[in-house]
Every structure is written in structure tokens, then in C-alpha cells.
Amino acid sequence: MTKYALTVTCQSTRGIVAAIATYLADGGCNITDSAQFDDKETGNFFMRISFESDAAVVLEKMRASFAKTAEPFGMSYEFHDETVKMKVIIMVSRFGHCLNDLMYRSRIGALPIDIVGVISNHMDYQKVVVNNDIPFHCIKVTPANKPEAEARIMAVVEEAGAELIVLARYMQILSDEMCQKMSGRIINIHHSFLPSFKGANPYKQAFQRGVKLIGATSHYVTADLDEGPIIEQDIVRVTHAQSSNDYVALGRDVESQVLARAIHAHIHRRVFLNGNKTVVFPASPGSYASERMG
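Please read these numbers as outputs of a predicted model, since none were measured by experiment.

Remarks on the sheet that holds strand 2 (residues 30-38)
Here comes step 1: What the four strands build is an open sheet, ordered 2-3-1-4; its pairing is antiparallel. Either end of the sheet is taken by a strand with one partner, and the two such strands are strand 2 and strand 4 (76-81). Sheet twist, expressed as the mean angle between neighbouring strand axes with direction ignored, is 10°.
Here comes step 2: Relative to strand 3 (residues 44-53), strand 1 (residues 2-11) is paired through ten bridges, and the arrangement is antiparallel.

Digging into empty space enclosed by the protein
Here comes step 1: Taken as a whole and judged by the stated rule, the model has one cavity of 30 Å³ or more.
Here comes step 2: Its boundaries defined by the atoms lining it, the largest cavity holds a volume of some 40 Å³.
Here comes step 3: Looking at the largest cavity, the residues that line it are V141, K146, A149, E150, I153, Y170, Q172, I173 and L174.
Here comes step 4: Tallied by class, the residues present in the lining of the largest cavity amount to six nonpolar, one polar and two charged.

Section: the nonpolar core
Here comes step 1: In terms of nonpolar packing, the biggest core is built from 33 residues, with I90, L102, V118, L259 and I263 touching the most fellow members.
Here comes step 2: Residue assignment for this core shows that the elements contributing at least two residues are strand 5 (86-92), helix 4 (97-108), strand 6 (113-120), strand 8 (164-167), strand 9 (186-190), strand 10 (213-220) and helix 9 (244-267).
Here comes step 3: Sort the elements by how many residues they give to this core and helix 9 lands first, with eight residues.
Here comes step 4: Beyond its immediate chain neighbours, meaning those up to four positions away, I90 contacts L99, L102, I115, G117, V118, I119, V166 and A168.
Here comes step 5: The next biggest cluster of nonpolar side chains, apart from the first, holds 22 residues, and it includes I139, V156, L167 and Y170.

Regarding the packing of aromatic side chains
Here comes step 1: Per the stated rule, a full pass over the model turns up eleven aromatic pairs.
Here comes step 2: When the ring of Y23 is compared with that of F66, the centres are 4.9 Å apart and the planes differ by 70°; the resulting orientation is edge-to-face. Separated by 43 residues along the polypeptide, Y23 in helix 1 (residues 16-26) and F66 in the loop between helix 2 (59-65) and helix 3 (67-70) bring together distant segments of the chain. For the pair Y23 and F66, one class covers both residues: buried.

Things to note about the pairing of strand 6
Here comes step 1: Of all eight residues making up strand 6, seven are buried, and the element is well covered by its neighbours.
Here comes step 2: As judged from the seven bridges shared by strand 5 and strand 6, these two strands associate in the parallel manner. Each residue of the ladder has a partner; that of V92, found in strand 6, is S120.
Here comes step 3: Regarding the hand of the β-α-β motif, the stretch spanning strand 5, helix 4 and strand 6 is right-handed.
Here comes step 4: Handedness of the β-α-β unit built from strand 6, helix 5 (residues 126-131) and strand 7 (residues 136-138) comes out right-handed.

Digging into the state of the cysteines
Here comes step 1: What the rule picks out here adds up to zero disulfides.
Here comes step 2: The thiol of C29 is unpaired, and the distance to the nearest cysteine sulfur, on C10, comes to 19 Å.
Here comes step 3: For C29, a relative accessible area of 12% puts it in the buried group.
Here comes step 4: Note on C179: no disulfide assigned, nearest cysteine sulfur contributed by C98 at a separation of 19 Å.
Here comes step 5: Residue C179 is classed as buried on the basis of its relative accessible area, which comes to 5%.

Topic: the pattern of salt bridges
Here comes step 1: Applying the stated criterion across every chain, the model contains ten salt bridges.
Here comes step 2: D124 is the salt-bridge partner of R94, the closest N and O atoms lying 3.3 Å from each other. On the criterion of sequence distance, the pair formed by R94 in the loop between strand 5 and helix 4 and D124 in the loop between strand 6 and helix 5 is long-range, its members being 30 residues apart.
Here comes step 3: Residue D124 is classed as partly exposed on the basis of its relative accessible area, which comes to 42%.
Here comes step 4: In this structure, R261 and D234 form a salt bridge, with 3.0 Å as the shortest nitrogen-oxygen distance.

What to know about the packing of helix 8 (residues 202-209) against helix 9
Here comes step 1: With their axes 9 Å apart at the nearest point, helix 8 and helix 9 run at an angle of 125° to one another. As summarised for this structure, helix 8 and helix 9 are arranged oblique, according to the angle between their axes. Note on packing geometry: the crossing formed by helix 8 with helix 9 is right-handed. Residues Y203, A206 and F207 of helix 8 form the contact with helix 9, whose participating residues are S244, Y247, V248, G251 and E255.
Here comes step 2: Among the residues making up the contact of helix 8 with helix 9, the classes are represented as five nonpolar, two polar and one charged.

Some thoughts on helix 4
Here comes step 1: In this model helix 4 runs 17 Å from its N-terminal to its C-terminal C-alpha over twelve residues, within 8% of the 16 Å that 1.5 Å per residue would give.
Here comes step 2: If you check which residues of helix 4 are buried, you get H97, C98, L99, D101, L102, M103, S106 and I108.
Here comes step 3: Buried residues belonging to helix 4 abut strand 5, strand 6, helix 5, strand 8, strand 9 and helix 9.
Here comes step 4: Just downstream of helix 4 lies G109, where phi reads positive at about 85°.

What counts and what doesn't
- The residue numbers shown here count from 1 along each chain, following its written sequence.
- This being a predicted model, a pLDDT of at least 70 is required before a residue's local features are given, and a value of 80 or more before pairs of side-chain atoms are given or counted; all residues contribute to the totals for chains, interfaces and linings.
- The side-chain values count all of the structure's non-hydrogen atoms but skip hydrogen atoms and water molecules.
- Any two strands with at least two DSSP bridges between them are considered paired.
- To qualify as a helix, a DSSP run of H or I must reach at least 4 residues; to qualify as a strand, a run of E must reach at least 2; elements of each kind are numbered from the N terminus.
- Lines fitted to the C-alpha atoms define the axes, with helices restricted to the stretch that makes contact. Angles between their N-to-C directions range from 0 to 180 degrees.
- In this analysis the probe radius is 1.4 Å and the grid spacing 1 Å, with only protein atoms considered; a cavity is a set of points the probe fits into but cannot get out of, a pocket is an open set with protein on both sides within 12 Å along at least five of seven lines, and lining residues have an atom within 4 Å of a point.
- Grid points are joined across faces, edges and corners, and a volume is the space filled by probe spheres set on the points.
- Any residue that is not Ala, Val, Leu, Ile, Met, Phe, Trp, Tyr, Cys, Pro, Asp, Glu, Lys or Arg is counted as polar, Gly included; the first ten are nonpolar and the last four charged.
- The nonpolar core is taken to be a set of buried Ala, Val, Leu, Ile, Met, Phe, Trp, Tyr and Cys residues, with the residues joined through side-chain atoms within 4.5 Å.
- Burial classes follow relative accessibility: with a 1.4 Å probe on protein chains only, a residue under 20% of its type's maximum area counts as buried, one over 50% as exposed, and anything between as partly exposed.
- When checking whether two residues touch, look at their non-hydrogen atoms; a contact exists if any pair is within 4.5 Å.
- Side-chain rings of Phe, Tyr and Trp (the six-membered ring for Trp) are treated as a pair once their centres are within 6.5 Å; stacked means planes under 30 degrees apart, edge-to-face means over 60, and tilted covers the remaining angles.
- With strands facing away from the observer, any crossover in which the path from the first strand over the helix to the second runs clockwise is taken as right-handed.
- Note on terminology: pairs of cysteine sulfur atoms within 2.5 Å are recorded as disulfides.
- Salt bridges are defined by distance alone: a side-chain nitrogen of Lys or Arg within 4 Å of a carboxyl oxygen of Asp or Glu.
- The scheme is simple: roughly parallel for angles under 35 degrees, roughly antiparallel for over 145, roughly perpendicular for 65 to 115, oblique for anything else.
- If you view the pair so one helix is near and one far, a crossing is left-handed when the near helix is turned anticlockwise from the far one by less than a right angle, and right-handed when it is turned clockwise.
- To estimate how far a helix should reach, multiply one less than its number of residues by 1.5 Å.

In short, geometric facts, not functional conclusions.
Have a look at this one:
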């Protein structure tokens, strides 16, 4: 049995779920998981379905044949083979905790992605990346060479066939042009509980305000700094007795977990853009199981 996913967005109306279920049943497919959301404020409808088929399903043919079902509802839809790993480029500067976490999760199968390259503006992590049999690209970025540097970055992305860029504590601001070109395909981890404490030193800001909770936010990157649609967030409790350096140390684990969960949601097509927000469906049963559980 091969596993597939169908994602659908359209305006909410009666009969959508029935039409999709009928199409899949008539095609000999068995639905294994389904999630849907009807946004009453916007009138938008979102749905994700996991299904299996023991027949040789050709996705191109399904995309074409489903058009008859989709047209009356004005559906935007896509079929995905869930056994195919998404190709990912990771970008990092000098904080390597998220990078190392992602490489480990990928290696044991807990995060089924194909890391096709790591790009950094420093050489700090060249050895550990190469030792994981992943291509490493050091692309220095300065105010004077930023357009050239971004052109080199995009050349790496395109040559590798990457579908997603992950900013794993990459401390450079991307240009509006790059953000627009890769819209919905760049995920960032921000070491703060957005929308509070934006910018480069959020832990210091949080410390100065005497907060009792710090956290991390993973979001899609847009031209507006740290304003993109939020995918995942989490927090850790702190006290008055801890320093701003303690905040940084405590934040590392939260950042790694939040980024991994956001990527997991994206690669399993569980995230839908809904204006400036996102709809994030729960993970399908078994999707967190890894090849090596130990």
C-alpha cells in the first residue's frame, strides 16, 4: 500500500467532503486520516486527507481526473506522494543547535527530509556538515556584496532542487526579492515568543522586562522582518533569579523543538496559509515514528 496526501482549499459550501470521499472511494483508495477546517470569518475551507491505494496510482493522472470533482467547488488542490522526502536547504550562522538537531532527526528518520545542502556565512560548521555527507557552502554576506551573495544562494537552492529553505539561526536579513520568490517556502526560527521582542537580541529584551515565560516562534519568512505567518510556538518558564545568559541556554532546546515541529508540519502538507495566519492540522497517526527509535 502506497501512502498519499490530498490538500484542498476553496470557499466553504455544502458537499465538498462528500465529493472528495466519493472520488477517492471510486478510485479504489482507502482514507486513513482526514482533517478539515471551515473558517467562519473568511469563508475559506481547508482540508487534508491521507489515503492509501494498493493499485499503481499515477499522481499526474489523479491530478487530471480530480479536476472534474474540483471544478464545481473552485478547489485549489494538490496530490502528494508521502514516501518522497522533501529536499531542504538549511542556512545557519554561528549558533548550531538547530542545525545539529535537524541533521540528527533526519539521520534517524524522525524528520523525513532530504538535506541537500547547508549554507552558512561562516565556516564554523563545515566539518560537522561534511561529516554527515551533506554539501557545505560558505557564502559570505556583507552590505556591499549582498545581491551577489543572494544570487549565489539561490543558485545553490535551484541546482539542488530544494523545495524548502530553513533558517536555522541564520542571522542575515533576506531581501524582499528573495522572500517573494520563495514565498511560503522559507521557514525561520525566531528566538522569542512573537510578536513580542523582535530583532536580534530578544532574550536581552525579555530579561530587561522581567518576563516569566520565554519562548520560540517558527514562521514563514516574508519581507516584513519577523512578521510572517506563524507555524509553531512553545515556551519555557524562567524566574527572577536567572540571567539573560540563562535565558539563551534555556531557549536553545525550545528553539530546536519548535523548528523541528514546524518543518514536520510543512513537509507533511499540514500547513495552509490563511491570510496573515496559518491553519495547521494535527499530525497523522504514525508520522512521528522514525526508522531508528533508539
